[in-house]
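# A structural walkthrough
Below, each chain spelled out in residue letters.
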Amino acid sequence: MPIRTATARWQGTLTEGSGTIATGKGGLQGNYSFKSRFEEGEGTNPEELIAAAHSGCFSMAFSKQLSDAGFPPNAVVTNANVHLDKTDAGMTVTRIDLVTTGDVPGIDEAQFQKLAEAAKAGCPISRLLSPGAEITLNATLQA
């Protein structure tokens, strides 16, 4: 399997500096700053990138679970909400809420929920993050 990379460059102090983040193949690039990370400034931040990675990984894992069970989805759309909180140990990602909607013909609600939970447990990014952060799941089957 290939090794994935990204690069970040920061210039200046924590609160007054700024930086850029880029994925190895150039698919994502963005500016970031103290304000974009800890306030509501323009640009991206590491937690947004974690949210993007987690929502992408989960959507693919859920699609595989559904297809393997005989229910190939028309679409799986996932939003990941990453909570960055101040703890005794410092700033910490404490929780990630996955909110997903699936357009999946022929599946019943119980099977949909079971496969969503299996995808959450099996997604490599969930497995990476779950020892340190609580991961919740709200899965909605599109009617």
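The chain is annotated in an unreviewed UniProt entry as Peroxiredoxin of Catellatospora chokoriensis.

## Quick word on the sheet that holds strand E6 (residues 134-141)
Spatially, three strands are ordered E4-E5-E6 in an open sheet, and the strand pairing comes out mixed. Of all strands in the sheet, those with a lone pairing partner are strand E4 (75-87) and E6, marking the two edges. Between one strand and the next, the sheet's axes are offset by a mean angle of 15°, whatever the strand orientation. Where E4 and strand E5 (residues 90-103) come together, 13 bridges link them in antiparallel fashion. The residue of E5 that forms the bridge with Thr78 is Thr100. Its contacts with the sheet place helix H2 (residues 46-68) against E4, E5 and E6, and it is angled at close to 145° to E4.

## Quick word on the packing of aromatic side chains
Considering all chains together, one arrives at four aromatic pairs under this definition. With a centroid separation of 5.0 Å and 55° between ring planes, the pair formed by Trp10 and Tyr32 is classed as tilted. Taken together, the residues Trp10 in strand E1 (residues 6-11) and Tyr32 in strand E3 (residues 29-33) connect sequence positions 22 residues apart. Here Trp10 falls in the partly exposed class, since its relative accessible area comes to 30%. Take Tyr32: its relative accessible area is 13%, and that puts it in the buried class. Aromatic rings pair up to connect Phe58, Phe62 and Phe112 into one cluster.

Basis of the calculations
- Residues numbered from 1 in each chain as written.
- Predicted model: local features only at pLDDT ≥ 70, side-chain atom pairs only at ≥ 80, totals over all residues.
- Heavy atoms only, no water.
- Pairing = 2+ DSSP bridges.
- Helix = DSSP H or I, 4+ residues; strand = E, 2+ residues; numbered from the N terminus.
- Axes fitted to C-alpha atoms, helices over the stretch in contact; angles between N-to-C directions.
- Contact = heavy atoms within 4.5 Å.
- Phe/Tyr/Trp six-rings, centres within 6.5 Å; stacked < 30°, edge-to-face > 60°.
- Buried < 20%, exposed > 50% of the residue type's maximum accessible area, 1.4 Å probe, protein only.

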